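Here is how the chains run, residue by residue.
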Amino acid sequence: MMNNEQFGHSTASAQYFLQLAGYLGIPVISWNADNSGLERRASQSTLQLQLAPSIEHQSAAMLSILERYKWHQFSVVTSQIAGHDDFVQAVRERVAEMQDHFKFTILNAIVVTRTSDLMELVNSEARVMLLYATQTEAITILRAAEDLKLTGENYVWVVSQSVIEKKDAHPQFPIGMLGVHFDTSSAALMSEISNAIKIYGYGVEAYVSDPANRGKKLNTQSLSCEDEGRGRWDNGELYLRNVSIEGDLNKPNIEFTADGDLKSAELKIMNLRPSANNKNLVWEEIGVWKSWETQKLDIRDIAWPGNSHAPPQGVPEKFHLKITFLEEAPYINLSPADPVSGKCLMDRGVLCRVAADHEMADIDVGQAHRNGSFYQCCSGFCIDLLEKFAEELGFTYELVRVEDGKWGTLENGKWNGLIADLVNRKTDMVLTSLMINTEREAVVDFSEPFMETGIAIVVAKRTGIISPTAFLEPFDTASWMLVGIVAIQAATFMIFLFEWLSPSGYDMKLYLQNTNVTPYRFSLFRTYWLVWAVLFQAAVHVDSPRGFTSRFMTNVWALFAVVFLAIYTANLAAFMITREEFHEFTGLNDSRLVHPYSHKPSFKFGTIPYSHTDSTINKYFKEMHYYMKQHNKSSVADGVADVLSGSLDAFIYDGTVLDYLVAQDEDCRLMTVGSWYAMTGYGLAFSRNSKYVQMFNKRLLEFRANGDLERLRRYWMTGTCRPGKQEHKSSDPLALEQFLSAFLLLMAGILLAALLLLLEHVYFKYIRKRIAKKDGGHCCALISLSMGKSLTFRGAVYEATEILKKHRCNDPICDTHLWKVKHELDMTRLRVRQLEKALDKHGIKTPQLRLASSSDLLNHHHLKERPPLLGNLSLAASAQDLYRWSYKTEIAEMETVL
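Small disclaimer: the values here were computed from a predicted structure and weren't measured.

**Points about the overall build of the protein**
Here is step 1: Secondary structure summary: the protein contains 29 helices and 26 strands in total.
Here is step 2: Here the protein holds 898 residues, and 43% of them are scored as buried.
Here is step 3: Within the structure as shown, the protein displays about 49,600 Å² of accessible surface, and the carbon and sulfur contribution to it stands at 56%.

This is the structure in structure tokens:
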């Protein structure tokens, strides 16, 4: 036990002693006013107890003072005293425990090795400091703090026991200091001896009473530093930390934590104030802190720093800033103030001056607030951000619009706009959507960026026509080829093949046995006609196959057609819609923009002069910058309006601003295209070497970490563009140009039919004669019955009949030839009748038929059906005679007759 407070002088020996005791397994019960020797890193033994209040108790009591007076932010200042790291760690742990009901912010944690280290406090917002050092070190630190004006009525220093020591107050200490203290007198030391003996006794009793320790002895006879002895007391693990002994009156029992510290401790709250005779300063007890009570702190009247009658605010005193801006939605929007009161409504933001300084001379401020030419209401992302800064940092401000209305670029070697005001120190800060670039950073100081951005391109969507190939788009090329080349061809040839090979099909093997069945023919082209009709479910006349197998195959094909059409029609609606057309630029470096004259006609695009976008294009794309001067606009709203109207093909500007305007377009006709160019960010701008940069940077990082910036972005960047409106518009009636694909398909069909007609004429005029010499119509009839018939004599007769219907002679020679043919036909008819009579005389019955005369052929051209060439056959003849006649003698008889 030691009650001397030579902090730091006995630390090394105390640590050595505790480490040695831990190594030997010897328990230690200590009461040290200077508990720096008990720092955690040096004494990790589980055999040590500390009866004096620990560093954790002191840090908790100091933070209770801050909580009492609502001081949320503070700095920690320590010397290199042993245990200073433990003190800082104890403060951080206590702050984390209190976060649920009281939010602390540690601004700095400074270890002072030389007085210049305190400059970090000068540049911070700290007005409350926790000091942990020896008394000698505290004198040096506070003397330097006074020189740096870190003492006075706005600054509070809260110190630990190590600074107060024996309640000796040094004249260097500033009045109004607060501190924590406990009694370190000899009487206090002696009173703790009985508690230590009780703790030891109860610990031994608990050890012996434990059945697990039965047979173990607590003697140390075998302990020795020699080779034959044991160097560690294995039975020294007494149950000291589990001990609970009765404490003083109205105090809880003496118990220990897992670290060996007291669970309950009492500390005095001290205040440095003038003595009764005002000749010197004394530490006076003004309250007490009890760790076991809910309301731990009880404080009476305090002498505050600078002899003030009220406690310091704990935050920097208010300061005033002149802030320059330039409006740009959604960062800063301008709207008129209330004409009666001259104030802004809740949703209109704050008052901001739009008149120049010289216009405000001799103007009544109250009247100016109601005049929109002098003051308007500013709202938007940046205004909400400014309000948060003002609340956190405690400053007042005046918002003034930049006089020349420019963003700030180099013009003839001089800066204009917002940057010029900062360079000439006409303003303290610029707050708007000001982009950070290297040229501006060379003359002003920027904060951390609060929003990322780049140069983007906005274009308008225009309603186009339905694609001419829209009816083909439900399936890809491979699918259409599979259907057209594989499925249709396979089905056609399979149906025809099955019909050809079937006994009851084309070959008619079963038909020949049943002569009552009407003759039936089937060809490959008729199979194609059947397949296409089934596929498209056309209500046309088709010749169905008769074979069972071919009919089954036809039903399979019909099932395929049902599935195919269901899938096709279900997806067709998605493609038969109007397509939105727009200029799809890849970005600012698109060749059509970089070299505008290379595209005919050239695209019309522009930006805002003297903006960051304009200066960037001028720096990297000279040709583009020269071309777009004729299309530049004075404001973003004008540029976007021209894009919507078609006066401009594209407008180039800051990406986030254009994204906001795209979202605000109710018709959803705007869109940004391509990738952003020259990525950068928006930042707060200050004059060179401004003292405000650091404090704003710190708040910005906090706003980003806690999500405030993201919440502001989502609130202000959300637009009214609703895709549902576009869906509604798609149900409007289609215009002719939007249904053009169907007409193009019909036109293509007409042209193809005309081509087929031409091929048909070529066939009958040139090809048929050559084929007829080699094929009597049988093989060709297998492919097409019409083609086969055209190669037979009956086909020639039909063709001649059609010619005769329309034939008119134009000269006497033709009439002569025609009369001769008619005469031959009449003589032939007469000869036939004579032969019939001769046959009747011999008892041979001839078929009852009538040959058409030449006059019949010429006079029946007005009838829909051809006149029968052979008249009506007699039904009295047998079926076998009919078959024999129709298939063997028909052509020969007709040739004889003609």
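Now that the structure has been shown, we can carry on.
**Description of the pattern of salt bridges**
For side chains bearing opposite charge, pairing can occur when the charged atoms are close.
Here is step 1: Within this structure, the stated rule accounts for 20 salt bridges.
Here is step 2: One salt bridge connects Glu702 with Arg699, and the closest N-O pair in it is separated by 3.0 Å. Residue Glu702 and its partner Arg699 are located together in helix H20 (residues 693-705), separated by three residues, close to a single helical turn.
Here is step 3: Judged by relative accessible area, Arg699 falls into the buried class, the value being 4%.
Here is step 4: It is possible to trace a salt-bridge network through shared partners that takes in Lys322, Arg353, Asp357 and Glu398.

**Looking at the sheet that holds strand E3 (residues 73-78)**
Here is step 1: Spatial strand order, E4-E3-E5-E6-E7-E8-E9-E10: eight strands in an open sheet with mixed pairing. Two strands in the sheet have a free side with no partner beyond their single neighbour: strand E4 (105-111) and strand E10 (297-299). Adjacent strand axes in the sheet meet at a mean angle of 25°, parallel and antiparallel pairs treated alike.
Here is step 2: Sheet topology note: the E3/strand E5 (residues 128-132) ladder contains four bridges and is parallel. Bridge pairing in E5 places Ser75 opposite Met129.
Here is step 3: Against the sheet, helix H2 (residues 55-68) engages E3, E5, strand E6 (156-159), strand E7 (178-181), strand E8 (266-274), strand E9 (281-290) and E10, with an angle of about 165° to E5.

**Structural notes on the pairing of strand E20 (residues 451-460)**
Here is step 1: Here E20 lies mainly inside the structure; nine of its 10 residues are buried.
Here is step 2: Alignment of E20 against strand E25 (residues 670-682), held across eight bridges, turns out to be antiparallel. Looking at E25, one finds that Ala460 is bridged to Leu670.
Here is step 3: With four bridges connecting them, E20 and strand E24 (residues 650-654) associate as antiparallel partners. By the bridge assignment for E24, Ile455 is matched with Asp654.

**Comments concerning the pairing of E4**
Here is step 1: In the sheet, E3 pairs with E4 via six bridges, with the strands oriented parallel. Along E4, the bridge assignment pairs Gln73 with Thr105.

**Some points on the state of the cysteines**
Here is step 1: The tally for this structure, following the rule as stated, stands at two disulfides.
Here is step 2: Between the sulfur atoms of Cys344 and its disulfide mate Cys377 the distance is 2.0 Å. Between Cys344 and Cys377, the S-S dihedral sits near -105°, and the bridge is therefore left-handed. One end of the pair, Cys344, is in the loop between strand E12 (333-335) and strand E13 (350-353); the other, Cys377, is in strand E14 (residues 375-379), with 33 residues separating them in the sequence.

**Some points on the packing of aromatic side chains**
Here is step 1: Counted under the stated rule, the structure contains 33 aromatic pairs.
Here is step 2: Ring geometry for Phe493 versus Tyr528: centroids 6.4 Å apart, planes at 85°, classification edge-to-face. With Phe493 in helix H12 (residues 477-501) and Tyr528 in helix H13 (residues 524-535), the pair connects residues that are 35 residues apart, well separated along the chain.
Here is step 3: One aromatic cluster in this structure is built from Phe319, Phe389, Phe395, Tyr397, Phe686, Tyr692, Phe696 and Phe703.
Here is step 4: The residue whose ring lies beneath Arg68 is Tyr69, and the NZ or CZ to ring-centre distance is 5.7 Å.
Here is step 5: Above the ring of Phe703, the side-chain terminus of Lys388 is found at 5.2 Å from the ring centroid.

**Section: the nonpolar core**
Here is step 1: Of all hydrophobic cores here, the largest spans 66 residues; its most connected members are Phe381, Phe450 and Phe696.
Here is step 2: It is helix H9 (residues 381-393) that provides the largest number of residues to this core, a total of eight residues.
Here is step 3: The residues contacting Phe450, other than those within four sequence positions of it, are Tyr331, Phe381, Cys382, Leu385, Thr432, Tyr682, Gly683, Leu684, Leu700, Arg704 and Leu709.
Here is step 4: One finds Leu63, Val156, Phe182 and Leu189 within the second-largest nonpolar core, a separate group that totals 53 residues.

**Considerations on helix H21 (residues 708-717)**
Here is step 1: Listed in full, the buried residues belonging to H21 are Asp708, Leu709, Leu712, Trp716 and Met717. Along the long axis of H21, the arc covered by the buried residues comes to 140°, so they all point the same way.
Here is step 2: Where H21 is buried, its residues meet E12, H9, E20, helix H19 (655-664) and H20.

**Topic: the sheet that holds E24**
Note on sheets: strands pair through backbone hydrogen bonds, and any given pair is parallel or antiparallel.
Here is step 1: The four strands lie next to each other as E23-E24-E20-E25, forming an open sheet whose pairing is mixed. In this open sheet, the two strands that pair with only one neighbour each are strand E23 (605-606) and E25.
Here is step 2: In this fold H19 packs onto E20, E24 and E25, with an angle of close to 150° to the strand it touches most, E25.

**Some points on the confidence of the model for the protein**
Here is step 1: When pLDDT is averaged along the protein, the result is 80; 79% of the residues meet or exceed 70.
Here is step 2: In the model, residues 723-732 has pLDDT below 50 throughout and makes five contacts with residues more than four positions away in sequence or in other chains.

**Concerning the UniProt feature "binding site: L-glutamate" (unreviewed entry) in the protein**
Here is step 1: UniProt annotation of "binding site: L-glutamate" (unreviewed entry) refers to Arg440, Thr613 and Asp654 when read in the numbering used here.
Here is step 2: Here Thr613 shows up in helix H16 (residues 612-620).
Here is step 3: Residue classification places Thr613 among the buried residues on the basis of a relative accessible area of 0%.
Here is step 4: If sequence neighbours within four positions are ignored, Thr613 has contacts with Ile455, Thr607, Ile652, Tyr653 and Asp654.
Here is step 5: For Asp654, the position within the fold is in strand E24.
Here is step 6: A relative accessible area of 3% places Asp654 in the buried class.
Here is step 7: Setting aside residues no more than four positions away along its own chain, Asp654 makes contact with Glu328, Ser433, Met435, Thr453, Gly454, Thr613 and Tyr682.

**A look at helix H27 (residues 812-841)**
Here is step 1: For H27, which comprises 30 residues, the first-to-last C-alpha distance of 44 Å matches the rise-based estimate of 44 Å (1.5 Å per residue) to within 8%.
Here is step 2: Phi for Gly843, located one or two positions after H27, is positive at around 80°.

**Looking at a nonpolar patch on the surface**
Here is step 1: Taken together, the side chains of Leu752, Leu755, Leu756, Leu758, Leu759, Val762, Tyr766 and Ile767 define a hydrophobic patch exposed on the protein surface, amounting to about 760 Å² of accessible area.
Here is step 2: For Leu758, the position within the fold is in helix H23 (residues 740-774).
Here is step 3: A relative accessible area of 52% places Leu758 in the exposed class.

**A word on the side chain of Asp590**
Here is step 1: By secondary structure assignment, the location of Asp590 is in the loop between strand E22 (580-581) and helix H15 (591-594).
Here is step 2: Overall, the relative accessible area of 5% leaves Asp590 in the buried class.
Here is step 3: Apart from residues no more than four positions distant in its own chain, Asp590 is found in contact with Glu584 and Phe585.

**Some thoughts on the environment of Lys622**
Here is step 1: Mapped onto the secondary structure, Lys622 falls in helix H17 (residues 622-628).
Here is step 2: The spacing of Lys622 and His595 is 27 residues in sequence and 9.7 Å in space, taken between C-alpha atoms.

**Side note on the packing of H13 against helix H14 (residues 548-575)**
Here is step 1: The N-to-C vectors of H13 and H14 enclose an angle of 35°; their axes lie 8 Å apart at closest approach. The handedness of the crossing between H13 and H14 comes out as right-handed. In this structure, H13 uses Leu530, Val531, Val534 and Leu535 to contact H14, whose residues at the interface are Thr554, Trp557, Ala558, Ala561, Phe564 and Leu565.
Here is step 2: For the contact of H13 with H14, the per-class residue count stands at nine nonpolar, one polar and no charged.

**What to know about the side chain of Asn213**
Here is step 1: Note on placement: Asn213 falls in the loop between helix H7 (186-209) and E8.
Here is step 2: Here the side chain of Asn213 touches Tyr207 through a polar contact of 2.9 Å, landing on its backbone oxygen.
Here is step 3: If sequence neighbours within four positions are ignored, Asn213 has contacts with Tyr207 and Tyr239.

The rules behind these values
Residues numbered from 1 in each chain as written. Predicted model: local features only at pLDDT ≥ 70, side-chain atom pairs only at ≥ 80, totals over all residues. Heavy atoms only, no water. Helix = DSSP H or I, 4+ residues; strand = E, 2+ residues; numbered from the N terminus. Buried < 20%, exposed > 50% of the residue type's maximum accessible area, 1.4 Å probe, protein only. Areas by Shrake-Rupley, 256 points an atom, 1.4 Å probe, with all protein chains shown as cover. Salt bridge = Lys/Arg side-chain N within 4 Å of Asp/Glu carboxyl O. Pairing = 2+ DSSP bridges. Axes fitted to C-alpha atoms, helices over the stretch in contact; angles between N-to-C directions. Contact = heavy atoms within 4.5 Å. Disulfide = S-S within 2.5 Å. Phe/Tyr/Trp six-rings, centres within 6.5 Å; stacked < 30°, edge-to-face > 60°. Lys NZ or Arg CZ within 6 Å of the ring centre and 35° of its normal. Core = buried A, V, L, I, M, F, W, Y, C linked by side-chain atoms within 4.5 Å. Arc of directions from axis to C-beta. pLDDT = per-residue confidence, 0-100. UniProt positions renumbered as here; feature names shortened; annotations may be inferred. Expected span 1.5 Å × (residues − 1). Patch = residues over 30% accessible without salt bridge, like charges linked within 9 Å, V, L, I, M, F, W, Y side chains within 5 Å. Left-handed = near helix turned anticlockwise from the far one by under 90°. Nonpolar A, V, L, I, M, F, W, Y, C, P; charged D, E, K, R; others polar. Polar contact = N/O pair within 3.5 Å; in protein donor to acceptor, adjacent residues only side chain to side chain.

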